[in-house]
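Survey of secondary and tertiary structure
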Amino acid sequence: MTIAEPDPRWAELGRQACVALAPLFTAIEHIGSTAVPGLPATPVIDLMAAVDDLDDVNDDALETFGYRMHPAELPDRLLYRREDYDSTAYHLYVVTTDTWDTRSERLLRDHLLTHPGARERYAAAKQELMDRFGPGEAYTRGKEALIRELTDAARAGRGLPPVPVREK
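Okay, so let's go over this structure. Small disclaimer: the values here were computed from a predicted structure and weren't measured.

A look at helix α4 (residues 116–133)
Compared with an ideal rise of 1.5 Å per residue, which puts 18 residues at 26 Å, α4 spans 25 Å between its outermost C-alpha atoms and is within 8% of the ideal. Of all the residues in α4, the buried ones are A118, R119, Y122, A123, K126, L129 and M130. Buried residues of α4, seen end-on, are gathered within an arc of 135° and therefore sit on one face of the element. Facing away from the buried side of α4 by over 90 degrees, the exposed positions are E120, D131 and R132. Structurally, α4 contributes buried residues whose contacts are with α3 (104–114) and α5 (137–157). Immediately downstream of α4, the backbone of G134 shows phi near 75°, a positive value.

Here's the deal with the environment of R141
Of note, R141 is situated in helix α5. Residue R141 is classed as partly exposed on the basis of its relative accessible area, which comes to 43%. When the C-alpha positions of R141 and V44 are compared, they lie 18 Å apart, and in sequence the two are 97 residues distant.

Re the sheet that holds strand β4 (residues 78–83)
Read across the open sheet, the five strands follow the order β1-β2-β5-β4-β3; overall the sheet is mixed. The open sheet has two free edges, formed respectively by β1 (27–31) and β3 (68–69), since each of these has just one partner strand. Examined bridge by bridge, β4 and strand β5 (residues 89–96) share six bridges and lie antiparallel to one another. Each bridged residue has a counterpart across the sheet, and for L78 the counterpart in β5 is V94. Contacting β1 and β2 (44–51), α3 crosses the sheet at an angle of about 50° to β1.

Brief notes about the packing of α3 against α4
It is the contact of α3 with α4, at a shortest axis distance of 5 Å, that shows an interaxial angle of 110°. Regarding the angle of α3 to α4, the classification is roughly perpendicular. Every residue of α4 that contacts α3 at H111, L112, L113 and T114 is listed here: P116, A118, R119 and Y122. Along the lines of polarity and charge, the residues of the contact of α3 with α4 split into five nonpolar, two polar and one charged.

Re the nonpolar core
Counting 21 residues, the largest nonpolar core has F25, L47, Y67, L92 and V94 as its most contacted members. Elements with a contribution of two residues or more to this core: α1 (9–21), β2, β4 and β5. Considering each element in turn, this core owes the most residues, five residues, to α1. Excluding anything up to four places from it in sequence, L47 contacts G14, A17, C18, L21, E29, H30, I31, Y67, Y90, H91, L92 and Y93. The next biggest cluster of nonpolar side chains, apart from the first, holds nine residues, and it includes V36, L112, Y122 and A123.

Structural notes on the pattern of salt bridges
Applying the stated criterion to the full structure yields 13 salt bridges. Among the salt bridges present, the one from R106 reaches E29, with a minimum N-O distance of 2.9 Å. Within this pair, whereas R106 is found in helix α3, its partner E29 is found in strand β1, the two being separated by 77 residues in sequence. Classification of R106 by relative accessible area gives buried; the value is 10%. R121 serves as the salt-bridge partner of E149, at 2.8 Å between the closest nitrogen and oxygen. Taken together, the positions of E149 in helix α5 and R121 in helix α4 put the pair 28 residues apart, joining distant regions of the chain. R121 sits in the partly exposed class, given a relative accessible area of 40%. Each of the salt bridges in this network shares a partner with another, and the network as a whole consists of E29, R106, R109, D110 and R158.

Thresholds, definitions, all that
- Residues numbered from 1 in each chain as written.
- Predicted model: local features only at pLDDT ≥ 70, side-chain atom pairs only at ≥ 80, totals over all residues.
- Heavy atoms only, no water.
- Helix = DSSP H or I, 4+ residues; strand = E, 2+ residues; numbered from the N terminus.
- Expected span 1.5 Å × (residues − 1).
- Buried < 20%, exposed > 50% of the residue type's maximum accessible area, 1.4 Å probe, protein only.
- Arc of directions from axis to C-beta.
- Contact = heavy atoms within 4.5 Å.
- Pairing = 2+ DSSP bridges.
- Axes fitted to C-alpha atoms, helices over the stretch in contact; angles between N-to-C directions.
- Parallel < 35°, antiparallel > 145°, perpendicular 65-115°, else oblique.
- Nonpolar A, V, L, I, M, F, W, Y, C, P; charged D, E, K, R; others polar.
- Core = buried A, V, L, I, M, F, W, Y, C linked by side-chain atoms within 4.5 Å.
- Salt bridge = Lys/Arg side-chain N within 4 Å of Asp/Glu carboxyl O.

Nothing here speaks to function; it is all geometry.
Spelled out as structure tokens, the structure:
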């Protein structure tokens, strides 16, 4: 997978997915780079949804929409994936309602939407890393410091503390 130029379809695809899945969750939003107009991105529609308890996720209902649970070592969240007929990929992250307002992914998206300089820095870093490493672990790891910086700025702007760095 590579970074694609911004596609105006992404916003509509994210909106449609949220509308379709909304009855299954207490909240759902389009997150990630495809949710930020004008931002180059890997063409994956990232969604985040909330439920009161992760054990209450209706896997059968999600499967009717093409979402299948994907095993991932993600703390306190579940990951579902869907591949559309036109090769559009969807990743659905399910978190608990009590963590919804402080989810870093949502805060970063909002920060990028409202801070053009941060959006430009992030776009340039993503492109440089993709050119240098291609898709994969090195690309993902290369973004971590800038994502942390931007997320901490977003958290500070809302009066929230930074997220502690996890031990590897």
